[in-house]
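Take a look at the letters that make up each chain.
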Amino acid sequence: MTTNDNKLVTTRRNVLFGVGAAGSALTTGLTTARAAEKQGGQVTDAPVSDKTQERQSFYGLHQAGIVTPRPAAGMIASFHVLAKTPADVERLFRTLSSRIAFLMQGGTPPELDDKLPPADSGLLGPVIPPDNLTITVSLGSSFFDDRYWLAPHKPARLSRMKAFRNDALDADLCHGDLALQISSNTPDTNIHALRDVLKNLPDLMVLRWKQEGSVPVLPPKPDGTHESARNFLGFRDGSANPDANNAALMDKIVWVPENGAEPAWTRGGSYQAVRIIRNFVERWDRTPLGEQERIIGRKKATGAPHGGGSTEHDVPDYSKDPEGTITPLDAHIRLANFRTQASEANLILRRPFNYSNGVSKSGQLEQGLLFICYQADLEKGFITVQRQLDGEPLEEYIKPIGGGFFFTPPGPQDESDFVGRTLLEAAGHDVVRKS
Amino acid sequence: MKLKLVLSASLLALAAAALPRMANAEVAPLDLVQPIADYKIYVSEHAEKLVADTKVFTDAVKAGDVDKAKSLFGSTRMSYEAIEPIAELFSDLDGSIDSRADDHEKAEKDPEFTGFHRIEYGLFSENSTKDLGPFADKLMADVTELNKRITDLTLPPEKVVGGAAVLMEEVAATKISGEEDRYSHTDLWDFKANFDGSRKIFDLVRPLVEKEDSAFVTKVSGNFDKVDTTLAKYKTADGYELYDKLTEDDRAVLAAAVNTLAEDLSTLRGKLGLN
C-alpha cells in the first residue's frame, strides 16, 4: 500500500516537474496561485515579524536590558525568594542564569516522554526564537536583610522604597526580594520567559506581583534617525535620556564604579528603581493643550522645549529663563533635571513602558507608566529627582501605586559564570566555576 | 468481603482502560491494583466520616446552635477536602456541596449558592442560623448521595494517581490566598486535609516509584514534610489557627512547597506509565 502511494506521488511529481513546456507552465501557474492565496491570508494566520531572530548577549560586565534599546514589550515580575542558605541561593542564581541564557539564545527544549508534562509551555512553538529577549535580574533590600550572611554585603544605597508625597502605594504591588525585568519584541515572548522561570524554580521563588507594559511602535524614518516613544499622556518620554551608546557617560551615570563607597562585588552593576504610576488619562484628555504643555514643559507634537527649538533634542536654557516665563519653574522637565553642572550628578537612565490594566471601580481606565530607571547611585539618582518633583502640578494627573528599589548585579562573564556570583564570593561562599 | 469487591472493581477499571504503555518506569499495570484498592478504602472511610460529621454539623445548624455549628465547620469539611479529586468526579454534587460565592453571578444572594460555604456565610458573616435550615438539609442529602455514589464507583487509576497533583493544583490556584473559607478563615484545616489526601496517594504508589527514581521520592517527601512542619506551627488544641495568623513568610513557604509538589506530582502518572 505504502509502495503504491509512493509510486503515485512519484508519478504526480513527474507530471508537475516534468520536462516540456506544458509541465513548466503548469508548475508556474500553480506557484502563482499559491502565492496569491498566501497574500490573501487567513483570519487566524499568525502576524509576521522579521525580528524574531534578533538576539542580545547575556554575557558581559553588565547585565543585558539596561543600555539595550527598549523593545516594544516589557514586564517587571517581583518575587519572594525562599532560598536562605548559601547553597540554595547559589542554586537559585545558577538556575536563573541557565534559563535566561537558554531563553535569550533561543533553541529547542528537550523532548520528553509524552506521558509527562512537556518541558516547555510551547506557546512560541517547538523552536523558541530569541525575539530580542533580555531578562535582567535585580535584588531587593529584603534579599539582603533577611539573610544574615548577606546583610553585611548589601549595596550601600539600597533601601526599601518609602512612599513619596504623592504616592498611594498598594502593598500587593510593592517591593520584593528579587525582580526580573523581562523585555522583548512581543508580549508573548515575555510571558513565555516568565512561565519558563516559574516552572523551573517553584521551590525557590514565589511570584508576588507583575506589571506588563508596551511601547508604541513607529515606522522607520527615511533619514535613519530615531525619536522617543510616547507615554500614555501623549508626550514623548525619554527625550533628555543620556546617550546609552556613550560608554564613558554610562560609566558615570549608570554603572557602579570600582572605587567608592560600594562593596567591590557590585562593580558593573546598577540600581534599578521601578514605579507603577497610574495616569488619570480621562482627566488629562480634558485638560487644555496649553496647560498640558506647561505642566510637562514641552510641546506635545514635537517634544521640543518651550521658547524655540523644533525637535525634542533641543535643549532648554534655563539660565536665560530664571523667572520661568518660558518654561514654568514647576514644569515636569524642569524639576526633573535642572540642567546645571551640579545636577549632572542626578542623571538617570530611563527605560519605561506604558501599561494598561483594566477599569477602575469608578469606570475609569487603569493605565499609566511602568517607570523603570537605572543609576549608579540610587540616592543621587531617582530619590533626589523624585524629591525635586514632589509637589509638581503633574501630580493632579498621576498617582504612583507600586514598585520598588532593587540592585542589578553585574553580568555573567561567560557561560561558566552566573548572575550573583560576585555577591556569593564576597560573602565567603566558595563558588566553583563550571564550564 | 468488602476488600475483595473493591479489588475486583479496580481490576475491571484497569482492564477497561487500554493497557498503559510504560513511560520511564517499569511498572506493571497489575502493580497498581493493590494501591488503588487501598485508596478506595481510604476514600470510602472518608466519605462515611463526612456523612457522620455533616449530620452532627447540620443538626447544630438546624437547632440554632451557632457556636457549636461554627466550631464544627472546619473539621467537618476535612473529610471532603481529603478526597476532593474523587468527590469532584461528580460535578453536580461538588457544585452544590463546595462551590463558593464567586462561582455564582449573584454571589452570596444567588439561590444556586448552597452547601458548606453558604452555611459558612450565614454562621460567620451573619452570625446566625436564620434561614439556614433548608441549606443544612440539602447539604446532608448531598453528602449522603455522594457517599452512595462513591460506594458504587470504580476508581479510574489515572484519576487516583493524578489526584495527588490535582489536590496541589487546588491549593495553588484558589486556596493559598485564603479565599476558600473567606468567612470563617479556617483555611488551614482545608490545607491539612488537601495535603494529607495528596500524600496518601503518593504513599500508596511510593514503593512503585522508589525503585525507579528514589531522588524523586526523597524530594517529594521532603516537601510534604516541610508543609507538615509549617502547618504544625499553627496547630491548636482542637484544630488550626485562623488563616490571618499565617505569617507572610510561612505563606510563601507553603506556596513554594505547593508549587513544587504540583510540578513534581504532575509527573507521577507518567512515572507509573499511566496516560
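Treat the numbers as computed from the prediction; the structure is a model and nothing was measured.

The rules behind the values
- By convention here, each chain's residues receive numbers from 1 onward along its written sequence.
- Written order decides the labels, with chains lettered from A and ligands numbered from 1.
- Given that this is a predicted model, residues contribute local features only at a pLDDT of at least 70 and side-chain atom pairs are listed and counted only at 80 or more, while totals for whole chains, interfaces and linings are drawn from all residues.
- For side-chain calculations, the full set of non-hydrogen atoms in the structure is used, while hydrogens and water are omitted.
- By definition, any uninterrupted DSSP run of H or I lasting at least four residues is a helix, any uninterrupted run of E lasting at least two residues is a strand, and each is numbered from the N terminus.
- In this analysis, two residues are considered to be in contact whenever any of their non-hydrogen atoms come within 4.5 Å of each other.
- Residue-level accessible areas treat just the shown protein chains as cover; the underlying method is Shrake-Rupley with a 1.4 Å probe.
- His is not counted here, nor are the chain ends, while Lys and Arg score as positive and Asp and Glu score as negative.
- Charged side chains are reduced to one point each, which is NZ for Lys, CZ for Arg, CG for Asp and CD for Glu.
- Our radius of gyration is a C-alpha quantity, and the globule rule it is checked against amounts to 2.2 Å times the number of residues to the power 0.38.
- A residue's pLDDT is the confidence the predictor assigns to it, expressed on a 0 to 100 scale.
- Counted as salt bridges are all cases of a side-chain nitrogen of Lys or Arg within 4 Å of a carboxyl oxygen of Asp or Glu.
- For every residue, the accessible area obtained with a 1.4 Å probe (protein chains only) is divided by the maximum for its type, and the residue is called buried under 20%, exposed over 50%, and partly exposed between those limits.
- Two strands pair if DSSP finds at least two bridges between them.
- We define a nonpolar core as any set of buried Ala, Val, Leu, Ile, Met, Phe, Trp, Tyr and Cys residues linked to one another through side-chain atoms lying within 4.5 Å.
- Contacts described as polar in this section are N or O atom pairs within 3.5 Å, which, within protein, must combine one atom able to donate a hydrogen with one able to accept it, while residues neighboring in sequence count only if both atoms come from side chains.
- In this classification, Asp, Glu, Lys and Arg are treated as charged, Ala, Val, Leu, Ile, Met, Phe, Trp, Tyr, Cys and Pro as nonpolar, and every other residue, Gly included, as polar.
- UniProt positions are given in the numbering used here, feature names are shortened, and annotations may be inferred rather than shown by experiment.
- Only residues whose relative accessible area exceeds 30% and that form no salt bridge enter a patch; like-charged residues are grouped when within 9 Å of one another, and nonpolar side chains (Val, Leu, Ile, Met, Phe, Trp, Tyr) when within 5 Å.
- Two rings from Phe, Tyr or Trp (for Trp, the six-membered ring) form a pair when their centres sit within 6.5 Å of each other. Planes less than 30 degrees apart are called stacked, planes more than 60 degrees apart edge-to-face, and all others tilted.

### What to know about the overall build of chain A
Logical step 1: A count of helices and strands for chain A gives 11 helices and 9 strands.
Logical step 2: In terms of its C-alpha atoms, chain A occupies a principal-axis envelope of roughly 90 × 60 × 45 Å.
Logical step 3: Long-range pairs, those at least 24 residues apart, make up 75% of the contacts in chain A between residues at least 6 apart in sequence.
Logical step 4: Looking at chain A as shown, the accessible area adds up to about 21500 Å², and 54% of this sits on carbon and sulfur atoms.
Logical step 5: Distance between charge centres in chain A, computed from 48 positive and 52 negative side chains, equals 1 Å.

### Looking at the overall build of chain B
Logical step 1: Along the backbone of chain B there are 12 helices and 2 strands.
Logical step 2: Each helix and strand of chain B, ordered N terminal to C terminal, gives the series α-α-α-α-α-α-α-α-α-α-β-β-α-α.
Logical step 3: The globule rule puts the C-alpha radius of gyration for 275 residues at 19 Å, and the 19 Å found for chain B is close to it.
Logical step 4: Here chain B displays about 11800 Å² of accessible surface, and carbon together with sulfur accounts for 54% of that area.
Logical step 5: Across chain B, the mean location of the 34 positive side-chain charges is 2 Å away from that of the 51 negative side-chain charges.

### Some thoughts on the confidence of the model for chain B
Logical step 1: Averaged over all residues, the pLDDT of chain B equals 90, while 91% of them reach at least 70.
Logical step 2: Overall, residues 1–23 of chain B carries pLDDT values under 50, and its contacts beyond four positions in sequence, including any with other chains, amount to 36 contacts.

### As for the pattern of salt bridges
Residue and element names in this part refer to chain B.
Logical step 1: Per the stated rule, a full pass over the model turns up 49 salt bridges over all chains.
Logical step 2: Salt-bridge contacts for Asp196 lead to Lys192; the nearest nitrogen and oxygen are separated by 3.3 Å. With Asp196 and Lys192 both in helix 9 (residues 187–210) and 4 residues apart, the pair spans about one turn of that helix.
Logical step 3: Exposure remark for Lys192: the relative accessible area of 19% places this residue in the buried category.
Logical step 4: For Lys245, the salt bridge identified is with Glu241, shortest N-O distance 3.6 Å.
Logical step 5: By sharing partners, the salt bridges in this structure join Arg77, Glu81, Glu84, Asp98, Arg100, Asp102, Lys175, Glu179, Glu180, Asp181, Arg182 and Asp190 into a single network.

### Re the pairing of strand 7 (residues 353–359) of chain A
Logical step 1: Here strand 7 of chain A runs beside strand 8 (residues 365–375) of chain A; their pairing, made up of 6 bridges, is antiparallel. Considered in strand 8 of chain A, the bridge of Tyr355 of chain A is made with Gly368 of chain A.

### Brief notes about the nonpolar core
Residues and elements named next belong to chain B.
Logical step 1: Formed by 79 residues in total, the largest nonpolar core has its most connected members in Leu265 and Leu272.
Logical step 2: The element best represented in this core is helix 9, accounting for 11 residues.
Logical step 3: Sequence-distant contacts of Leu265, defined by excluding residues within four places in its chain, comprise Ala164, Ala165, Met168, Ser198, Phe202, Val220 and Phe224.

### Here's the deal with the interface of chain A and chain B
Logical step 1: On the side of chain B, 19 residues touch chain A, which itself brings 11 residues to the contact.
Logical step 2: The tally of links between chain A and chain B comes to 1 salt bridge.
Logical step 3: For Lys199 of chain A, the salt bridge is made with Glu263 of chain B, and the minimal N-O distance between the two is 2.9 Å.
Logical step 4: Inspection of the chain A/chain B interface yields 3 residue pairs in polar contact (both at pLDDT 80 or more).
Logical step 5: Among the residues making up the side of chain A that touches chain B, the classes are represented as 5 nonpolar, 1 polar and 5 charged.

### Topic: helix 10 (residues 379–389) of chain A
Residues and elements named next belong to chain A.
Logical step 1: Among all positions of helix 10, only Gly381, Phe382, Ile383, Val385, Gln386, Gln388 and Leu389 are buried.
Logical step 2: Those residues of helix 10 hidden inside the fold are in contact with strand 5 (270–279), helix 9 (332–336), strand 8 and strand 9 (398–408).
Logical step 3: Gly391 occupies a position one or two residues after helix 10 and carries a positive phi of about 90°.

### Some thoughts on the UniProt feature "domain: Dyp-type peroxidase N-terminal" (unreviewed entry) in chain A
Logical step 1: Under the present numbering, the feature "domain: Dyp-type peroxidase N-terminal" (unreviewed entry) in UniProt falls on residues 63–213 of chain A.
Logical step 2: Along residues 63–213 of chain A one finds 26% helix and 21% strand; the C-alpha atoms at either end are 21 Å apart.

### What about the side chain of Thr266 of chain A?
Logical step 1: Inspection of the secondary structure assignment puts Thr266 of chain A in the loop between helix 6 (247–253) and strand 5.
Logical step 2: Residues within four places of Thr266 of chain A in sequence aside, it is in contact with Pro155, Val256, Phe407 and Pro410 of chain A.

### A word on a negative patch on the surface
Logical step 1: Side chains of Asp146, Asp170 and Asp172 of chain A together with Glu248 and Asp249 of chain B sit close together on the surface and give a patch of like negative charge.
Logical step 2: Its place among the elements puts Asp172 of chain A in the loop between helix 4 (141–145) and strand 3 (178–184).

### Description of unusual backbone geometry
Backbone geometry follows two general trends: most residues other than glycine have a negative phi, and most peptide bonds adopt the trans configuration.
Logical step 1: Positive phi values are uncommon outside glycine, yet Asn132 of chain A reaches one of about 70°.
Logical step 2: With respect to the helices and strands, Asn132 of chain A occurs in the loop between helix 3 (86–105) and strand 2 (134–140).
Logical step 3: Here the phi dihedral of His185 of chain B falls at roughly 60°; this positive angle occurs in a residue that is not glycine.
Logical step 4: Within the secondary structure, His185 of chain B is located in the loop between helix 8 (157–175) and helix 9.

### What to know about the environment of Leu116 of chain A
Logical step 1: Turning to its location among the elements, Leu116 of chain A is positioned in the loop between helix 3 and strand 2.
Logical step 2: The spatial distance from the C-alpha of Leu116 of chain A to the C-alpha of Ala229 of chain A is 44 Å, given a sequence separation of 113 residues.

### A look at the side chain of Asp177 of chain A
Residue and element names in this part refer to chain A.
Logical step 1: In this fold, Asp177 is placed in the loop between helix 4 and strand 3.
Logical step 2: No salt bridge is formed by the buried Asp177. Its closest oppositely charged neighbour is Arg147, at 4.4 Å.
Logical step 3: Polar side-chain contacts of Asp177 include one of 2.8 Å to the backbone nitrogen of Val81.

### Considerations on the packing of aromatic side chains
Logical step 1: Under the criterion given, the structure shown has 21 aromatic pairs over all chains.
Logical step 2: Ring geometry for Phe235 of chain A and Trp284 of chain A: centres 6.0 Å apart, planes at 65°, overall edge-to-face. Of this pair, Phe235 of chain A sits in the loop between strand 4 (205–214) and helix 6 while Trp284 of chain A is found in helix 7 (residues 281–285), placing the two residues 49 residues apart along the sequence.
Logical step 3: With centroids separated by 6.3 Å and ring planes inclined at 75°, the aromatic side chains of Trp189 of chain B and Tyr240 of chain B adopt a geometry described as edge-to-face. Here the residue Trp189 of chain B occupies a position in helix 9, and Tyr240 of chain B occupies one in strand 2 (residues 239–240), the gap between them amounting to 51 residues. Of the two residues examined, Trp189 of chain B and Tyr240 of chain B, each falls in the buried class.
Logical step 4: Following the ring pairs from residue to residue traces out a cluster consisting of Phe93, Phe143, Phe144, Trp265, Tyr271 and Phe407 of chain A.

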